[in-house]
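For reference, the chains in residue letters:
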Amino acid sequence: KQEVTQIPAALSVPEGENLVLNCSFTDSAIYNLQWFRQDPGKGLTSLLLIQSSQREQTSGRLNASLDKSSGRSTLYIAASQPGDSATYLCAKTNAGNMLTFGGGTRLMVKP
Amino acid sequence: DTAVSQTPKYLVTQMGNDKSIKCEQNLGHDTMYWYKQDSKKFLKIMFSYNNKELIINETVPNRFSPKSPDKAHLNLHINSLELGDSAVYFCASSQATGYSGAYEQYFGPGTRLTVT
(Lines give C-alpha, C1' and ligand atoms only; values in the text may rest on other atoms or scores of the structure.)
Protein backbone atom coordinates (compact mmCIF):
# COMPACT_ATOMS: atom_id res chain seq x y z
CA LYS A 1 0.00 0.00 0.00
CA GLN A 2 1.40 3.36 -1.07
CA GLU A 3 1.41 5.67 1.94
CA VAL A 4 2.28 8.79 -0.03
CA THR A 5 0.97 9.36 -3.54
CA GLN A 6 1.84 12.12 -5.98
CA ILE A 7 -0.26 13.11 -8.93
CA PRO A 8 0.51 13.67 -11.72
CA ALA A 9 3.57 11.50 -12.24
CA ALA A 10 4.73 13.82 -15.00
CA LEU A 11 3.79 17.32 -16.08
CA SER A 12 4.86 19.50 -18.98
CA VAL A 13 3.94 23.18 -19.05
CA PRO A 14 4.96 26.28 -20.98
CA GLU A 15 7.16 28.83 -19.29
CA GLY A 16 5.31 31.39 -17.18
CA GLU A 17 2.44 29.15 -16.21
CA ASN A 18 1.35 28.76 -12.59
CA LEU A 19 1.08 25.13 -11.56
CA VAL A 20 0.08 22.89 -8.68
CA LEU A 21 1.63 19.59 -7.69
CA ASN A 22 -0.42 17.27 -5.52
CA CYS A 23 0.58 14.97 -2.69
CA SER A 24 -1.77 12.76 -0.69
CA PHE A 25 -1.01 10.58 2.31
CA THR A 26 -2.97 7.90 4.11
CA ASP A 27 -2.04 8.54 7.74
CA SER A 28 -3.06 11.91 9.17
CA ALA A 29 -0.81 11.40 12.19
CA ILE A 30 2.16 13.06 10.58
CA TYR A 31 4.75 15.28 12.22
CA ASN A 32 5.57 17.32 9.19
CA LEU A 33 5.56 17.26 5.43
CA GLN A 34 8.58 18.17 3.38
CA TRP A 35 8.87 19.03 -0.31
CA PHE A 36 12.11 18.31 -2.17
CA ARG A 37 13.50 18.90 -5.61
CA GLN A 38 15.72 16.35 -7.34
CA ASP A 39 17.64 17.16 -10.50
CA PRO A 40 18.72 14.25 -12.74
CA GLY A 41 21.66 12.38 -11.25
CA LYS A 42 21.74 14.65 -8.24
CA GLY A 43 20.75 14.60 -4.60
CA LEU A 44 17.67 16.09 -3.00
CA THR A 45 17.28 19.77 -2.22
CA SER A 46 14.83 20.67 0.50
CA LEU A 47 12.33 23.28 -0.68
CA LEU A 48 9.78 23.68 2.08
CA LEU A 49 8.91 22.01 5.36
CA ILE A 50 5.46 22.33 6.90
CA GLN A 51 5.06 21.37 10.51
CA SER A 52 1.88 19.48 11.38
CA SER A 53 0.57 22.53 13.25
CA GLN A 54 0.98 24.77 10.20
CA ARG A 55 -1.23 25.18 7.16
CA GLU A 56 1.28 26.54 4.66
CA GLN A 57 4.81 27.72 4.01
CA THR A 58 6.14 30.09 1.37
CA SER A 59 9.55 30.55 -0.18
CA GLY A 60 9.88 32.86 -3.15
CA ARG A 61 7.70 31.56 -5.97
CA LEU A 62 6.87 28.39 -4.03
CA ASN A 63 3.96 27.89 -1.68
CA ALA A 64 3.17 24.61 0.03
CA SER A 65 -0.04 23.88 1.88
CA LEU A 66 -0.98 21.10 4.26
CA ASP A 67 -4.44 19.77 5.10
CA LYS A 68 -4.02 16.94 7.57
CA SER A 69 -7.72 16.18 7.83
CA SER A 70 -7.97 15.37 4.15
CA GLY A 71 -4.47 13.93 3.91
CA ARG A 72 -3.32 16.35 1.24
CA SER A 73 -0.52 18.74 0.50
CA THR A 74 0.00 20.91 -2.56
CA LEU A 75 3.05 22.67 -3.93
CA TYR A 76 2.19 25.78 -5.90
CA ILE A 77 4.83 27.14 -8.28
CA ALA A 78 4.17 30.62 -9.60
CA ALA A 79 5.43 31.89 -12.94
CA SER A 80 7.28 28.69 -13.79
CA GLN A 81 10.70 28.87 -15.44
CA PRO A 82 12.74 26.32 -17.41
CA GLY A 83 15.09 26.13 -14.44
CA ASP A 84 12.21 24.70 -12.40
CA SER A 85 12.38 21.51 -14.47
CA ALA A 86 13.14 18.67 -12.07
CA THR A 87 11.44 15.92 -10.11
CA TYR A 88 9.49 17.16 -7.11
CA LEU A 89 9.09 14.82 -4.17
CA CYS A 90 6.90 15.13 -1.14
CA ALA A 91 7.61 13.19 2.03
CA LYS A 92 5.82 12.84 5.31
CA THR A 93 7.59 12.43 8.62
CA ASN A 94 6.55 9.97 11.27
CA ALA A 95 7.78 9.44 14.79
CA GLY A 96 11.54 9.01 14.60
CA ASN A 97 11.77 11.68 11.90
CA MET A 98 12.00 9.11 9.11
CA LEU A 99 10.68 10.27 5.77
CA THR A 100 8.18 8.33 3.67
CA PHE A 101 8.38 9.56 0.09
CA GLY A 102 5.90 9.76 -2.71
CA GLY A 103 6.84 8.62 -6.18
CA GLY A 104 7.52 12.16 -7.37
CA THR A 105 6.25 14.42 -10.14
CA ARG A 106 8.60 14.99 -13.09
CA LEU A 107 8.13 18.58 -14.17
CA MET A 108 9.24 19.94 -17.51
CA VAL A 109 8.90 23.68 -18.13
CA LYS A 110 9.29 24.48 -21.81
CA PRO A 111 10.77 27.81 -22.92
CA ASP B 1 31.96 23.52 2.79
CA THR B 2 29.59 20.74 1.70
CA ALA B 3 26.96 20.06 4.34
CA VAL B 4 26.45 16.32 3.75
CA SER B 5 29.03 14.47 1.71
CA GLN B 6 29.27 10.88 0.54
CA THR B 7 32.07 8.77 -0.90
CA PRO B 8 32.38 7.26 -3.35
CA LYS B 9 30.01 8.85 -5.85
CA TYR B 10 30.04 5.73 -8.00
CA LEU B 11 30.72 2.16 -6.93
CA VAL B 12 30.81 -0.82 -9.27
CA THR B 13 31.40 -4.23 -7.77
CA GLN B 14 30.66 -7.90 -8.23
CA MET B 15 28.08 -10.06 -6.54
CA GLY B 16 29.21 -11.51 -3.26
CA ASN B 17 31.60 -8.71 -2.39
CA ASP B 18 31.45 -6.60 0.76
CA LYS B 19 31.53 -2.83 0.36
CA SER B 20 31.14 0.36 2.37
CA ILE B 21 29.80 3.80 1.60
CA LYS B 22 30.91 6.70 3.75
CA CYS B 23 28.85 9.69 4.86
CA GLU B 24 29.91 12.80 6.71
CA GLN B 25 27.95 15.86 7.80
CA ASN B 26 29.38 19.14 9.07
CA LEU B 27 26.07 20.60 10.21
CA GLY B 28 26.42 19.57 13.83
CA HIS B 29 23.31 17.39 13.52
CA ASP B 30 22.57 14.59 15.94
CA THR B 31 20.74 12.20 13.65
CA MET B 32 21.74 10.62 10.37
CA TYR B 33 19.86 8.46 7.90
CA TRP B 34 20.34 6.18 4.93
CA TYR B 35 17.84 6.02 2.07
CA LYS B 36 17.75 3.81 -1.00
CA GLN B 37 16.47 4.99 -4.39
CA ASP B 38 15.72 2.06 -6.67
CA SER B 39 15.63 1.88 -10.45
CA LYS B 40 12.08 3.23 -10.47
CA LYS B 41 13.34 6.30 -8.59
CA PHE B 42 11.37 5.41 -5.48
CA LEU B 43 13.08 6.53 -2.25
CA LYS B 44 12.78 4.44 0.89
CA ILE B 45 14.21 4.88 4.36
CA MET B 46 16.70 2.25 5.48
CA PHE B 47 17.99 3.48 8.83
CA SER B 48 17.72 6.32 11.27
CA TYR B 49 20.57 6.64 13.78
CA ASN B 50 21.69 8.90 16.56
CA ASN B 51 24.04 8.19 19.42
CA LYS B 52 21.22 6.68 21.40
CA GLU B 53 19.05 4.78 19.03
CA LEU B 54 19.15 2.86 15.79
CA ILE B 55 15.85 2.49 14.00
CA ILE B 56 15.84 -0.02 11.19
CA ASN B 57 13.24 -0.31 8.47
CA GLU B 58 12.02 -3.88 8.76
CA THR B 59 12.37 -4.45 5.03
CA VAL B 60 16.13 -3.92 5.08
CA PRO B 61 18.12 -7.19 4.87
CA ASN B 62 20.58 -7.77 7.70
CA ARG B 63 23.38 -7.73 5.13
CA PHE B 64 23.13 -3.95 5.49
CA SER B 65 24.53 -2.37 8.63
CA PRO B 66 25.21 1.22 9.61
CA LYS B 67 28.40 2.04 11.50
CA SER B 68 28.91 5.37 13.23
CA PRO B 69 32.45 6.16 14.47
CA ASP B 70 31.26 9.55 15.72
CA LYS B 71 28.32 11.91 15.51
CA ALA B 72 29.42 13.40 12.20
CA HIS B 73 29.75 10.09 10.35
CA LEU B 74 27.43 7.25 9.43
CA ASN B 75 28.86 4.64 7.11
CA LEU B 76 26.84 1.95 5.36
CA HIS B 77 28.32 -1.53 5.18
CA ILE B 78 26.88 -4.06 2.79
CA ASN B 79 27.87 -7.72 2.94
CA SER B 80 27.45 -10.35 0.21
CA LEU B 81 26.22 -7.89 -2.38
CA GLU B 82 23.37 -8.99 -4.65
CA LEU B 83 22.18 -7.73 -8.01
CA GLY B 84 19.10 -6.25 -6.39
CA ASP B 85 21.25 -4.00 -4.24
CA SER B 86 22.01 -1.88 -7.29
CA ALA B 87 20.53 1.54 -6.53
CA VAL B 88 21.44 5.05 -5.50
CA TYR B 89 22.03 5.36 -1.76
CA PHE B 90 21.50 8.71 -0.08
CA CYS B 91 22.71 9.81 3.30
CA ALA B 92 20.87 12.56 5.19
CA SER B 93 21.07 14.33 8.52
CA SER B 94 18.88 16.41 10.80
CA GLN B 95 18.83 17.82 14.29
CA ALA B 96 17.86 15.44 17.05
CA THR B 97 14.68 13.52 16.47
CA GLY B 98 11.86 13.71 18.94
CA TYR B 99 8.31 12.58 19.24
CA SER B 100 7.26 16.15 19.86
CA GLY B 101 8.37 17.34 16.49
CA ALA B 102 10.42 16.70 13.43
CA TYR B 103 13.24 18.48 11.70
CA GLU B 104 14.25 19.26 8.18
CA GLN B 105 16.55 16.69 6.61
CA TYR B 106 19.53 17.59 4.46
CA PHE B 107 20.66 15.09 1.86
CA GLY B 108 24.01 14.12 0.43
CA PRO B 109 24.61 13.84 -3.34
CA GLY B 110 24.11 10.08 -3.42
CA THR B 111 26.24 7.04 -4.23
CA ARG B 112 25.32 5.03 -7.29
CA LEU B 113 26.01 1.38 -6.56
CA THR B 114 26.09 -1.08 -9.45
CA VAL B 115 26.40 -4.78 -8.70
CA THR B 116 27.39 -6.98 -11.64
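This text goes with the structure placed above it.
This write-up is about the structure you can find in this document. This is a predicted model, so every value here is computed, not measured.

About the thresholds
Residues numbered from 1 in each chain as written. Chains lettered and ligands numbered in written order. Predicted model: local features only at pLDDT ≥ 70, side-chain atom pairs only at ≥ 80, totals over all residues. Heavy atoms only, no water. Helix = DSSP H or I, 4+ residues; strand = E, 2+ residues; numbered from the N terminus. Buried < 20%, exposed > 50% of the residue type's maximum accessible area, 1.4 Å probe, protein only. Contact = heavy atoms within 4.5 Å. Disulfide = S-S within 2.5 Å. Pairing = 2+ DSSP bridges. Axes fitted to C-alpha atoms, helices over the stretch in contact; angles between N-to-C directions. Buried area = accessible area lost by both parts, 1.4 Å probe. Salt bridge = Lys/Arg side-chain N within 4 Å of Asp/Glu carboxyl O. Nonpolar A, V, L, I, M, F, W, Y, C, P; charged D, E, K, R; others polar. Phe/Tyr/Trp six-rings, centres within 6.5 Å; stacked < 30°, edge-to-face > 60°.

1. With respect to the environment of Ser5 of chain B
Residue and element names in this part refer to chain B.
- Mapped onto the elements of the fold, Ser5 is located in strand 1 (residues 4-7).
- With relative accessibility at 28%, the residue Ser5 sits in the partly exposed group.
- In the structure, Ser5 is positioned 69 residues away from Leu74 in sequence and 11 Å away in space, judged by C-alpha atoms.
- Beyond its immediate chain neighbours, meaning those up to four positions away, Ser5 contacts Lys22, Cys23, Glu24 and Pro109.

2. Some thoughts on unusual backbone geometry
- In this structure, Pro8 of chain A follows Ile7 of chain A across a cis peptide bond, with omega equal to 0°.
- With an omega of -5°, the peptide bond running from Thr7 of chain B to Pro8 of chain B counts as cis.
- Looking at the secondary structure, you find Pro8 of chain B in the loop between strand 1 and strand 2 (10-13).
- For Lys41 of chain B, which is not glycine, the phi dihedral falls at a positive 70°.
- In this fold, Lys41 of chain B is placed in the loop between strand 4 (31-37) and strand 5 (43-49).
- Note on Lys41 of chain B: relative accessible area 48%, which makes it partly exposed.
- In this model, Ser80 of chain B sits at a positive phi of 50°, which is unusual for a non-glycine residue.

3. Focus on the state of the cysteines
All names here are of chain A.
- According to the stated counting rule, one finds two disulfides over all chains in the structure shown.
- Note on cysteine connectivity: Cys23 is disulfide-linked to Cys90, with sulfurs 2.0 Å apart. Taking the torsion about the S-S bond as the criterion, the Cys23 to Cys90 disulfide, at about 75°, is right-handed. With Cys23 in strand 3 (residues 19-25) and Cys90 in strand 9 (residues 86-93), this residue pair connects regions lying 67 residues apart in the sequence. Assigned by exposure class, Cys23 and Cys90 land together as buried.

4. Considerations on the sheet that holds strand 7 (residues 62-67) of chain A
Residues and elements named next belong to chain A.
- Within the open sheet, the five strands sit side by side as 1-3-8-7-6. Their pairing is antiparallel. Looking at which strands have only one partner, the edges of the open sheet turn out to be strand 1 (4-7) and strand 6 (56-59). Put simply, the sheet's adjacent strands are angled 15° from each other on average, direction ignored.

5. Here's the deal with the pairing of strand 2 of chain B
Residues and elements named next belong to chain B.
- Residues Leu11 and Thr13 point to one face of strand 2 and are all buried, whereas Tyr10 and Val12, pointing to the other face, are not buried.
- Where strand 2 lies against strand 11 (residues 111-115), four bridges are found, and the strand directions are parallel. Looking at the pairing, Val12 lines up with Thr114 of strand 11.

6. Considerations on the interface of chain A and chain B
- Counting residues at the interface gives 22 residues for chain A and 20 residues for chain B.
- With both chains or domains summed, chain A and chain B bury close to 1800 Å², and 59% of this area falls on carbon and sulfur atoms.
- When the buried area of chain A at its contact with chain B is split by residue, Asn97, Met98 and Phe101 of chain A rank highest and sum to 31% of it.
- If you look at where chain A meets chain B, you find zero salt bridges.
- Contributions of two or more residues to the side of chain A that touches chain B are made by strand 4 (32-38), strand 5 (44-51), strand 9 and strand 10 (99-101) of chain A.
- Looking at the side of chain A that touches chain B residue by residue, the class counts come to nine nonpolar, 12 polar and one charged.

7. Thoughts on the pattern of salt bridges
Residue and element names in this part refer to chain B.
- Counted according to the given criterion, the structure contains six salt bridges over all chains.
- Notably, a salt bridge pairs Asp30 with Lys71, separated by 3.2 Å at the nearest N-O pair. Placement of the pair is Asp30 in the loop between strand 3 (19-25) and strand 4 and Lys71 in the loop between strand 7 (64-67) and strand 8 (75-78), with a sequence separation of 41 residues.
- As a salt-bridge pair, Arg63 and Asp85 come within 2.8 Å of each other at their nearest N and O atoms. Residue Arg63 is found in the loop between strand 6 (54-56) and strand 7, and its partner Asp85 is found in the loop between strand 8 and strand 9 (87-94); the two are separated by 22 residues along the sequence.

8. Considering the packing of aromatic side chains
- Enumeration according to the criterion identifies eight aromatic pairs over all chains in this entry.
- The interplanar angle of 80° and the centroid separation of 6.1 Å between the aromatic rings of Phe101 of chain A and Phe107 of chain B together place this pair among those described as edge-to-face. Here Phe101 of chain A, found in strand 10, pairs with Phe107 of chain B, found in strand 10 (residues 106-107), and the two come from separate chains. An identical accessibility class is assigned to Phe101 of chain A and Phe107 of chain B; each is buried.
- Residues Tyr33 of chain B and Tyr35 of chain B carry aromatic rings whose centres are separated by 6.3 Å and whose planes lie at 35° to one another, so their mutual orientation is tilted.
- Through pairs of rings, three or more aromatic residues link up here, namely Phe36 and Phe101 of chain A together with Tyr33, Tyr35, Phe90 and Phe107 of chain B.

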